[in-house]
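Inside the fold
The primary structure of each chain is shown beneath.
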Amino acid sequence: MSKNIRVRNVPSPTGLLHIGTVRTALYNYLFAQKNGGTLIYRSEDTDRERSKKEYEENIISGLTKLGILGTEGVHAGGEFTPYRQSERAEIYREQLEKLLESGDAYYCFCTKEELDQEREEQQKQKLPPRYSGKCRNLDAEEAKQRVANGEKAVIRLKVPENREIIFNDLVRGENKTNTKELADFVIAKNLNQSLYNFTVAVDDHLMEITHVIRGEDHIPNTPKQILVYEAFGWDLPKFAHLPLILNQDKSKLSKRKNKVSVDDYLDEGYLPEALINFLALLGWNTSDEKEIFSLEELVEAFSLERVHKGGAVFDLEKLNWLNGYYLRNLEVDELIEKITPYLEKVGLKADKAELRKYVPLVHERIKLLSEAPDLLRFMLVDELDYQAELFLHKKMKVDLEVAKMAIENSLPELEAIDHSEWNQANLEEVLIALVKKIEVKNGHVLWPLRVALTGEQFSPGVFEVAEVLGKETSLERIKKGLEKL
Ligand code: GLU
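Read on for a plain summary of the structure. (Residues numbered from 1 in each chain as written. Predicted model: local features only at pLDDT ≥ 70, side-chain atom pairs only at ≥ 80, totals over all residues. Heavy atoms only, no water.)

This part takes up the side chain of Thr454. With respect to the helices and strands, the residue Thr454 is situated in helix 17 (residues 442–454). We classify Thr454 as buried; its relative accessible area is 1%. Looking at Thr454, its side chain comes within polar contact range of the main-chain nitrogen of Glu456, at 3.1 Å. When near neighbours in sequence (up to four residues on either side) are disregarded, Thr454 contacts Phe378, Leu384, Ser459 and Val465. (Helix = DSSP H or I, 4+ residues; strand = E, 2+ residues; numbered from the N terminus. Buried < 20%, exposed > 50% of the residue type's maximum accessible area, 1.4 Å probe, protein only. Polar contact = N/O pair within 3.5 Å; in protein donor to acceptor, adjacent residues only side chain to side chain. Contact = heavy atoms within 4.5 Å.)

Shown next, in the form of C-alpha cells:
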C-alpha cells in the first residue's frame, strides 16, 4: 500500500505573505486534498536576523483567510511538533552528530581568508570556485577535540566525488547534477546552527513528507538535499518544482512592478475566491482552458502533470476580471456587507435599506470592493461637489448654453410626472419625447441631466439614477445644476 501523502508549506517568515508563497501553498493544498493527504505548515525561521514573529502571524492569517493553511503545523500542532525550526535545534544537533560519527560530515577549520585565497586562485586559473576539500581527511577525533577546545569550525557534508545525482522532477522531468559542481558544502555553522539544505532535509524526512512541491528557484538545492538524505540512508521524497511567477515584462515578480503582499490585495478588495482562482491558473490549467474554478473544483481538477514548465506571467487585468466576476455573482446583501467597511472608512454613511436601492446600480460594474465609495458616493451624499465645466461634452456638442436650455426645458416635464409614476420607463418616455419636441439629440438633454444628478464624469445612466434618487432629490439636484449655469 502506498504511504499517505504528506506535503508541506514551509515559508521563511522574513517578509509579509507573498503572492508566490500563496501559489506554492495552494498547489500543495490542492495536491493534498485531491489525494486524501495532509498539508503541514512549518515555519523555516532559522535565519535569526531576518525572521520575525509578526511575519509568521501574517502568513498564518493570510493563508487562513484564503482557506489553504492545512491541518497540521505551527498553527495546529500535530504528531511531529515542534513545527518551528528555531525550536528544533536539538533535533538538528543530534542528526549532525550522527553524520559526524559516521564520517559523512566533518569539521572544517578553514578561515575566511583561506577560503577567499582559494577562490582567487581558482578564478585565476579560470576554474569554478569550489571548496578544495582541505579539511576532509583530518582525523575526526582530533577535529572533535579542537572544537571542544574552542576552535571555530563549520560542518561540511562529505560529498561523493564525480557522481551524477539524478531525480525525476514531477513537473520538469529528469534532472542531473554531477557532484563535481557541488563540492563539500557547509551544512551547519556549528552544532547549534544548522543551515537550510540540512534542516529542510532532516525535517522533511522526520515529518514523513512524501512530496516536496516548491518554486523552481529551489532546483539547485535539490541535489544537495538528496545528498543529505543519502548520507543518512533515508528514502527520498518525490520532487516537483513550480514555474516562477513573472512580471508582464518577463522579469521575476518583484515589488517594484506589482504588489506582492497578499494583504495589499485583500485590503484593496480582491475576494479570496478570486485570488485563489487567479493563482491556481498561474502555472497550471485544464485541457479545456476553463477559467472559473471554486476551490472545490480546483481540488477536483488539479494534477501536477498539468503544471507548466515555463514561467507564469502575472496578469493583473485577468485578476481584475476574475474579481469582477466573483463580485457580480454575490447576492446584493453579501456585496453590501463586504463594501460597508470601505464606505465607513471614508466616512460615507448609509443604512442597508438605502444600499439595497443603490448597490444594484453599480453591481455589474464594480471590479474591486475599494471602488465602492467612488461608485456610490453621489447616491450617498447630500450635496454634490462639482464644477460647471462638467456639463461640457465636446463630442456630443454640449456647451453651457445647451446644458442650460436642456435643463430649463426638462424641469417642467419632470415636475409633471406623478410621484407614483417616477420610474425608469416613464422618465425615459418623457425625456425622449422632449428631445423630439425640441429637436435636439439625446445627448443634449441626457448628458446635462445626468451630470446634475450625479456630479460625476461617469455613472450609471440618467433614468436609473433618477429613479433610485426619487423625484424630490432628483429635482432638487437638477435645480442646483441650473444654478451653476
Ligand atoms: N523556506 C524556504 C523558502 O522560504 C522554502 C524551502 C522549501 O520549500 O524547501 O523559500
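Helix 6 (residues 196–206) sits mainly inside the fold: eight of its eleven residues count as buried. Three or more residues of helix 6 are buried, namely Asn197, Phe198, Thr199, Val200, Ala201, Val202, Asp203 and Asp204. Residues of helix 6 that are buried make contact with strand 1 (6–9), helix 3 (89–102), strand 8 (186–190), strand 9 (193–194), strand 10 (211–215) and helix 7 (221–232). Remark: Glu208 follows helix 6 within two positions and exhibits a positive phi of approximately 55°.

Within the secondary structure, His241 is located in strand 11 (residues 238–242). Within the local environment of His241, its side chain forms a polar contact with the side chain of Asp169, the two groups lying 2.7 Å apart. Within the structure, the side chain of His241 is placed 3.1 Å from the side chain of Thr222, a separation counted as a polar contact. Excluding residues within four positions of it along the chain, His241 makes contact with Phe167, Asp169, Val171, Arg172, Arg214, Gly215, Glu216, His218, Ile219 and Thr222.

Core analysis: the largest hydrophobic core is formed by 107 residues, its most contacted members being Leu26, Ile68, Phe314, Ile339, Leu376 and Leu414. With nine residues, the top contributor of residues to this core is helix 1 (residues 19–34). Every residue in contact with Phe314, bar those within four places of it in the chain, is listed here: Ile19, Ile245, Leu246, Gln248, Leu253, Asn258, Tyr265, Phe278, Leu282 and Leu319. Core analysis: the next-biggest nonpolar cluster, separate from the first, contains 35 residues, Ala153, Val212, Val228 and Trp234 among them. (Core = buried A, V, L, I, M, F, W, Y, C linked by side-chain atoms within 4.5 Å.)

Contact geometry of helix 12 (residues 332–345) with helix 14 (residues 372–380) gives a least axis separation of 10 Å together with a crossing angle of 75°. With respect to their mutual orientation, helix 12 and helix 14 come out roughly perpendicular. Side by side, helix 12 and helix 14 meet where Ile339, Tyr342 and Leu343 of the first sit next to Ala372, Pro373, Leu376 and Leu380 of the second. Residue classes in the contact of helix 12 with helix 14 are distributed as seven nonpolar, no polar and no charged. (Axes fitted to C-alpha atoms, helices over the stretch in contact; angles between N-to-C directions. Parallel < 35°, antiparallel > 145°, perpendicular 65-115°, else oblique. Nonpolar A, V, L, I, M, F, W, Y, C, P; charged D, E, K, R; others polar.)

Bringing the site of the ligand into the picture now. Neighbouring residues of the ligand: Arg8, Val10, Pro11, Ser12, Glu44, Tyr196, Val200, Arg214 and His218. At 3.1 Å from a nitrogen atom of the ligand is found a side-chain nitrogen or oxygen belonging to Ser12. With respect to the ligand, the side chain of Arg214 contributes an N or O atom lying 2.7 Å from an oxygen atom. In the complex, 80% of the free accessible area of the ligand, which totals 300 Å², lies under the protein chains. In terms of residue class, the shell around the ligand is made up of four nonpolar, two polar and three charged. (Near = heavy atom within 4 Å. Areas by Shrake-Rupley, 256 points an atom, 1.4 Å probe, with all protein chains shown as cover.)

A separate point is the environment of Val171. Considering the arrangement of structural elements, one finds Val171 in the loop between strand 6 (164–169) and strand 7 (173–178). Along the chain, Val171 and Pro243 lie 72 residues apart, while their C-alpha atoms are 9.0 Å from each other.

Before going further, it helps to examine the environment of Asn423. Within the element layout of this structure, Asn423 appears in the loop between helix 15 (400–415) and helix 16 (424–437). Among the residues examined, Asn423 registers a relative accessible area of 26% and is labelled partly exposed. When the C-alpha atoms of Asn423 and Val402 are compared, they prove to be 25 Å apart, with 21 residues separating the residues in sequence. Looking at Asn423, its side chain comes within polar contact range of the main-chain nitrogen of Asn426, at 2.9 Å.

The next point concerns the state of the cysteines. Structurally, a disulfide amounts to a covalent bond that connects the sulfur atoms of two cysteines. In the structure shown here, the tally under the stated rule is zero disulfides. Unpaired in terms of disulfides, Cys108 finds its nearest cysteine sulfur in Cys110, a separation of 3.8 Å. Classification of Cys108 as buried rests on a relative accessible area of 2%. Just so you know, Cys135 is unpaired, no disulfide at all, and the nearest cysteine sulfur is the one on Cys110, 3.6 Å from it. Of the residues examined, Cys135 reaches a relative accessible area of 6% and is grouped as buried. (Disulfide = S-S within 2.5 Å.)

Once that is clear, we can look at the sheet that holds strand 5 (residues 154–157). A sheet is described by the order of its strands in space; here four strands give the open sequence 4-5-8-9, paired in antiparallel fashion. With one partner strand each, in any of the chains shown, strand 4 (105–108) and strand 9 form the two edges of the open sheet. Taken together, the four bridges between strand 4 and strand 5 define a ladder with antiparallel strand orientation. Looking across to strand 5, one finds that Ala105 is bridged to Leu157. (Pairing = 2+ DSSP bridges.)

For the coordinates displayed, the defined rule picks out 13 aromatic pairs. With a centroid separation of 6.2 Å and 40° between ring planes, the pair formed by Phe198 and Phe232 is classed as tilted. Separated by 34 residues along the polypeptide, Phe198 in helix 6 and Phe232 in helix 7 bring together distant segments of the chain. Ring centres of Tyr325 and Tyr326 lie 5.3 Å apart, and the angle between their planes is 90°; on these two criteria the pair is classed as edge-to-face. On the basis of relative accessible area, Tyr325 is assigned to the partly exposed category, the value being 27%. Accessibility expressed as a relative area gives 13% for Tyr326, which makes it buried. An aromatic cluster is built from Tyr27, Trp284, Phe293 and Phe302, whose rings are joined through pairwise contacts. Lying over the aromatic face of Tyr131, Arg156 brings its terminal NZ or CZ to 3.5 Å of the ring centre. One cation-aromatic arrangement involves Arg450 over Trp447; the distance from NZ or CZ to the ring centre is 4.8 Å. (Phe/Tyr/Trp six-rings, centres within 6.5 Å; stacked < 30°, edge-to-face > 60°. Lys NZ or Arg CZ within 6 Å of the ring centre and 35° of its normal.)

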